[in-house]
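Remarks on the overall topology
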Protein chains: 2
Amino acid sequence: MIANPYYSQEVHGPYELHDIGNLTLEEGGTIRGCKLACATFGELNAAKDNAILIPTWYSGTTKIWEQVYIGPGRALDPEKSFIIGINQIGSGLSSSPHNTPPPDGMAGFPRVRIGDDVRAQHKLVTETFGLTQLALVVGGSMGAQQTYEWAVRYPDMVKRAAPIAGTAKNTDHDFIFTETLNEAIRSDPAWNGGDYAASSDVQRGLRRQARLWAVMGWSTEFYKREMWRTLGFASVEAFLVDFMEDYFLPMDPNDLLCMAWKWQRGDVSRHTGGDLRAALDRITAKVFVMPIDEDMFFPPRDCVPEQQMIRNSELRVIKSIAGHLALFGVDPDYGPQVDRHLKELLATPV
Amino acid sequence: MIANPYYSQEVHGPYELHDIGNLTLEEGGTIRGCKLACATFGELNAAKDNAILIPTWYSGTTKIWEQVYIGPGRALDPEKSFIIGINQIGSGLSSSPHNTPPPDGMAGFPRVRIGDDVRAQHKLVTETFGLTQLALVVGGSMGAQQTYEWAVRYPDMVKRAAPIAGTAKNTDHDFIFTETLNEAIRSDPAWNGGDYAASSDVQRGLRRQARLWAVMGWSTEFYKREMWRTLGFASVEAFLVDFMEDYFLPMDPNDLLCMAWKWQRGDVSRHTGGDLRAALDRITAKVFVMPIDEDMFFPPRDCVPEQQMIRNSELRVIKSIAGHLALFGVDPDYGPQVDRHLKELLATPV
């Protein structure tokens, strides 16, 4: 357990910490007094039918949803909806390796699966907010994995779902890409098997991870057209150091590894003995599958076959040369596309 | 200078070592008694107009061209052509960090550019073989970079050129990808600034590099369709260890870094003050630009604009889900496509 000021109300708040009690995990083990950091926007209506749930992606928190996706007039409109953002386990805000006391913290943190997150979130929204339905679950990347898991695991509760830039079952290619991210950290001698005094000790590993994201996270066209200039940088190297490295450097290495382990193994077909079609057939929600056309590790062609297995679904491809990290909202044409699709989805009767 | 049995006649021969004398380098410095490892196939005809030159790619040698591309009835037919394969500087067979005596060897090896390779090759083929023209220059990846350099630098000599899966000017995206390969090696403490006793000391870094190649070298479809099974492996992990890691493990880390430095900076517009169009306009050869459709770091859209700047050129896209490493010949549909295009190119009067 170590202090890390990055994971704080100052940087990522406001959010509330909810203790949902002990969480028994699919892989065995327990998170004792599991805490979920939750940010809400807007008010729950009397019918309790205007709740939107947003699970978070790898390295991201609910803060970026607040900054990039949520606002009056947007699809995610706090004047119309009760929006609940829940930071995933391992995010650094909710229960995570770095903020869990020994012997369960740091490298002793148990293995967590996407299904554990979704069960924890279900407990929170049903018991704390008294919800019996979600008008929409929407998430990007690992948030898309959780979105699929929600729709498969709790079909009666999820009315609409919008997985953005993610898959229901992770691919082999994505697994080995993610492993290079892990290896970037673990290859730093300062990581020391997960036992370090401060995240910044592992800065070489974190920088390497940032550089890997720079290769796969954007797209070749992003660099060809020098889209990084629109973010205010004068050179590629300045972009890599001041944007990519500075983004990852304050993060906790064990927290990232915890999330990556989940990400690599995201797979709703665990509910149906490996039968992906049967798992996706459980979904009753109206689903918009929203890959990003230039995404290098969740390419549309990995998302389309899944969409085709979901009865009440449509494919809505988002166009952006920012690739996977269009999720960050760096492309001004991205937000309007997301809004247009989500508004249409929310307007669809279910 | 260290012994490494991988770079030997037993593994990569037969080849001849030609000493072309001291090579003054573009970046300053000299390779004293520069040696080029050269493999030839077929006979030079009396008119001396049937010579084909093949420069090599990163980590590869002329051996893979012998095994995968050259043969009777093939486009590269030793019964018709005099085929000269020249291993690039840093390849481990020609002058390279690991085989150069102190103080110029290992980390003391000077910076080499694509242009240095091509000037060295030019000296060899003009002085040793007495050539004044090349019926074809063909190469893949870094070999494509050298092919472009040949066509721009010696337009009167190069009659036809076929750059496969490579660019005339390296992209920013490709540069930062390649840097992750370098960093995989340099982050291994055993690399020790380039001063190690045996390549195998740096095996963790080399394995990391192999894993990065596994992500970008193939394609998402390669893994989706489990094409690795056709290579005889029972699992992705077996493929990664027994194919990818075993391929890179015997190689010399400094040699790889030497080649990567060149690769990152390949740019024919150095001849024309940064004007790529003017550089490519120097080419008089008939050129077939041959990207691979699934190539993740030399995608067709990076190659097409270059092709469009070359007067006497055609775009010939090769289809393969093996991506960039289709170059290895692992896709049975790849070789026939290459042969068809090269046969047509060779049959084109110039």
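Everything here concerns the structure above.
Note that this is a predicted model, so its numbers are computed, not measured.

**Structural notes on the overall build of chain A**
Tallying secondary structure elements over chain A gives twelve helices and ten strands in all. Its C-alpha atoms give chain A a radius of gyration of 19 Å, near enough to 20 Å, the size a compact globule of 350 residues would have. Considered along the principal axes of its C-alpha atoms, chain A spans approximately 55 × 50 × 40 Å. Taking all 350 residues of chain A together, 64% fall into the buried category. If you take every contact in chain A between residues at least 6 apart in sequence, the share linking residues at least 24 apart comes to 76%. Taken as two groups, the 34 positive and 44 negative side-chain charges of chain A have centres that lie 4 Å from each other.

**Quick look at the sheet that holds strand E10 (residues 313–315) of chain A**
Residues and elements named next belong to chain A. Reading across the sheet, the eight strands line up as E1-E4-E6-E5-E7-E8-E9-E10 and stay open at both edges, with mixed pairing between neighbours. Whereas interior strands pair on both sides, the edge strands pair on one side only; in this sheet they are strand E1 (16–19) and E10. Strand after strand, the sheet turns through a mean of 20° between neighbouring axes, direction not considered. Looking at chain direction, strand E9 (residues 286–289) and E10 are connected through three bridges and run parallel. In the strand pairing of E10, Phe-288 is matched with Glu-314. Across the face of the sheet, helix H4 (residues 142–153) comes into contact with strand E5 (51–55), strand E7 (136–140), strand E8 (160–164) and E9 while running at roughly 150° to E7.

**Examining the pattern of salt bridges**
The tally for this structure, following the rule as stated, stands at 45 salt bridges over all chains. With a shortest N-O distance of 2.3 Å, B:Lys262 and B:Asp117 are connected by a salt bridge. Separated by 145 residues along the polypeptide, B:Lys262 in helix H9 (residues 253–264) and B:Asp117 in helix H3 (residues 114–127) bring together distant segments of the chain. Classification of B:Lys262 as buried rests on a relative accessible area of 1%. In this structure, a network of salt bridges that share partners links the residues A:Glu26, A:Glu149, A:Arg153 and A:Arg270.

**Examining the interface of chain B and chain A**
Counting from both sides, the interface comprises 28 residues of chain B and, opposite them, 28 residues of chain A. Across the chain B to chain A interface the summed buried area is about 2,500 Å²; carbon plus sulfur atoms make up 65%. Inspection of the chain B/chain A interface yields six salt bridges. A salt bridge links A:Glu294 to B:Arg301, with the shortest nitrogen-to-oxygen separation between them at 2.7 Å. On inspection of chain B and its partner chain A, the count reaches nine residue pairs in polar contact (both at pLDDT 80 or more). Of all the secondary-structure elements, those providing two or more residues to the side of chain B that touches chain A are helix H5 (172–186), helix H6 (203–216), helix H7 (220–224), helix H8 (236–248) and helix H11 (300–308) of chain B. The residue makeup of the side of chain B that touches chain A, split by class, is 13 nonpolar, five polar and ten charged.

**Here we look at H4(A)**
Residues and elements named next belong to chain A. Helix length check: H4 (twelve residues) gives 16 Å between terminal C-alpha atoms against 16 Å at 1.5 Å per residue, within 8%. Within H4, eleven of the twelve residues are buried, leaving the element largely enclosed by the surrounding structure. Buried residues of H4: Met-142, Gly-143, Ala-144, Gln-145, Gln-146, Thr-147, Tyr-148, Glu-149, Trp-150, Ala-151 and Val-152, and no others.

**Brief notes about the relation of the copies chain B and chain A**
Aligned on chain A, chain B shows an RMSD of 0.0 Å; the corresponding rotation is 180° and the shift along the axis is 0.0 Å. Taken together, the turn and the small shift mark the pair as related by a two-fold rotation axis. The rotation axis passes nearest to the C-alpha of B:Ser187 in chain B, at a distance of 3.7 Å. A high fraction, 100%, of the interface residues of chain B reappear at the interface in chain A, so the copies pair face to face through one surface.

Cut-offs used in this document
Residues numbered from 1 in each chain as written. Chains lettered and ligands numbered in written order. Predicted model: local features only at pLDDT ≥ 70, side-chain atom pairs only at ≥ 80, totals over all residues. Heavy atoms only, no water. Helix = DSSP H or I, 4+ residues; strand = E, 2+ residues; numbered from the N terminus. Rg over C-alpha atoms; globule rule 2.2 N^0.38 Å. Buried < 20%, exposed > 50% of the residue type's maximum accessible area, 1.4 Å probe, protein only. Contact = heavy atoms within 4.5 Å. Lys, Arg positive; Asp, Glu negative; His and termini not counted. Charge placed at Lys NZ, Arg CZ, Asp CG, Glu CD. Pairing = 2+ DSSP bridges. Axes fitted to C-alpha atoms, helices over the stretch in contact; angles between N-to-C directions. Salt bridge = Lys/Arg side-chain N within 4 Å of Asp/Glu carboxyl O. Buried area = accessible area lost by both parts, 1.4 Å probe. Polar contact = N/O pair within 3.5 Å; in protein donor to acceptor, adjacent residues only side chain to side chain. Nonpolar A, V, L, I, M, F, W, Y, C, P; charged D, E, K, R; others polar. Expected span 1.5 Å × (residues − 1). Least-squares fit on C-alpha atoms with pLDDT ≥ 70 in both.

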